[in-house]
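Remarks on the overall topology
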Amino acid sequence: MRTKMVAGNWKMNKNLQEGLALAAELKQQVTNPTCTVVIGTPFIHLAPVCELLKNTPIAVAAENCADKEKGAFTGEVSAEMIASTGAQYCIIGHSERRAYYHETYDILREKVLLALQNNLKPIFCIGEVKEEREAGRQNEVVKAQLEGSVFNLSAEEFGKITLAYEPVWAIGTGLTATPEQAQQMHAYIRSLVAAKYGQTVADETTILYGGSCNEKNAKELFANPDVDGGLIGGASLIAEKFCSIIAAR
Ligand code: PGA
């Protein structure tokens, strides 16, 4: 049975005190989840949030990592540094990183490798923009994103990856993919993994849905056989909403 997961992505929200307060609320409320729970926080929150959530069922993710190992890269944060905080996951390839920070397939391939080398589990995001969906090109876009950055991995390495399908037109827009659209794409993604790594690896790959997933639509989305959970942006900033989504999984 593959891992079911609800992961939060705080993005660039909450100062340190606010972030710690939210983590403390979650610590209190998420005591016995039936799925893996992860929160993705800004870099500066990682160490104190990991400390606060030690010995709880909540794991912590960075939202990005550098594409270089170490050295003269002013302002960057390496995978090794992230791992040293106690974080266990790293979100890589979020559409906001691809669009605003020009992260290419090659850059993302390096980030995934560095995360894995430092025992961080990548949550690798893929998804098409609105024009691509309207042109019916969503499958080819997602396939190219996988081939460009993660299908170079060995089956063993790939087994450590969680995929997150996040149609860009649904992120932060209130426009959620329908359960049918999500299921169709997740099944397609799983078929690509099966063609590349075999059915066993595909059956064990966790594929999250992200994009305006909230406490109201989570249950319906998660009811689909190939939707293994969610990557949650806006609704992960409010403990009550995030907990409802966890309960829906
Ligand atoms: P959203 O963001 O839930 O606010 O749409 C999801 C994401 O970008 O991971």
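Just so it is clear, the structure is predicted and the values come from calculations on it, not from any experiment.

**What about the pattern of salt bridges?**
Inspection of every chain in the model, using the stated rule, returns 16 salt bridges. Close ionic contact of Lys54 with Glu51 constitutes a salt bridge, the shortest N to O distance being 3.4 Å. Between Lys143 and Glu147 there is a salt bridge; the shortest N-O distance is 3.6 Å. Here the residue Lys143 and the residue Glu147 both occupy positions in helix α7 (residues 138-149), the gap between them amounting to four residues, near one helical turn. Residue classification places Lys143 among the partly exposed positions, given a relative accessible area of 33%. With relative accessibility at 45%, the residue Glu147 sits in the partly exposed group.

**Quick notes on the pairing of strand β7 (residues 207-210)**
Burial along β7 is two-sided: the face carrying Ile207 and Tyr209 and the face carrying Leu208 and Gly210 are both buried. Relative to β7, strand β6 (residues 162-165) runs parallel, the two being bridged by three bridges. Bridge pairing links Ala164 to Leu208 in β7. When β7 meets strand β8 (residues 229-232), the two strands line up parallel, connected through two bridges. In the sheet register, Gly210 faces β8, and the bridge partner there is Leu231.

**Considering the packing of α7 against helix α9 (residues 179-197)**
Across the interface, α7 lies against α9 with an axial gap of 11 Å and an inter-helix angle of 40°. In terms of their interaxial angle, α7 and α9 are classed as oblique. The way α7 lies across α9 gives a crossing that is right-handed. Judged by residue contacts, Gln138, Asn139, Val142, Lys143 and Leu146 of α7 engage Met185, Tyr188, Ile189 and Leu192 from α9.

**Focus on the sheet that holds strand β1 (residues 5-9)**
Here eight strands make up a closed barrel; going around it, the order is β1-β2-β3-β4-β5-β6-β7-β8 and the pairing parallel. Each neighbouring strand pair of the sheet contributes to a mean axis angle of 25°, computed without reference to strand direction. Relative to strand β4 (residues 89-92), strand β3 (residues 58-62) runs parallel, the two sharing two bridges. Among the inter-strand pairings, Ala62 is bridged to a residue of β4, identified as Cys90. Here helix α2 (residues 43-52) sits on the sheet in contact with β2 (36-41) and β3, set at roughly 160° to β3. Sheet strands touched by α7: β5 (121-126) and β6. Its angle to β5, the strand with the most contacts, is close to 145°.

**Thoughts on the packing of aromatic side chains**
Taken as a whole and judged by the stated rule, the model has four aromatic pairs. Considering the side-chain rings of Phe151 and Phe158, the 5.9 Å spacing of their centres and the 65° angle between planes classify their relative orientation as edge-to-face. For Phe151, a relative accessible area of 9% puts it in the buried group. Residue classification places Phe158 among the buried residues on the basis of a relative accessible area of 0%. The ring centre of Tyr101 lies 4.2 Å from the NZ or CZ of Arg97, which sits over that ring. Above the ring of Tyr197, the side-chain terminus of Lys196 is found at 5.9 Å from the ring centroid.

The rules behind the values
- Residues numbered from 1 in each chain as written.
- Predicted model: local features only at pLDDT ≥ 70, side-chain atom pairs only at ≥ 80, totals over all residues.
- Heavy atoms only, no water.
- Salt bridge = Lys/Arg side-chain N within 4 Å of Asp/Glu carboxyl O.
- Helix = DSSP H or I, 4+ residues; strand = E, 2+ residues; numbered from the N terminus.
- Buried < 20%, exposed > 50% of the residue type's maximum accessible area, 1.4 Å probe, protein only.
- Pairing = 2+ DSSP bridges.
- Axes fitted to C-alpha atoms, helices over the stretch in contact; angles between N-to-C directions.
- Parallel < 35°, antiparallel > 145°, perpendicular 65-115°, else oblique.
- Left-handed = near helix turned anticlockwise from the far one by under 90°.
- Contact = heavy atoms within 4.5 Å.
- Phe/Tyr/Trp six-rings, centres within 6.5 Å; stacked < 30°, edge-to-face > 60°.
- Lys NZ or Arg CZ within 6 Å of the ring centre and 35° of its normal.

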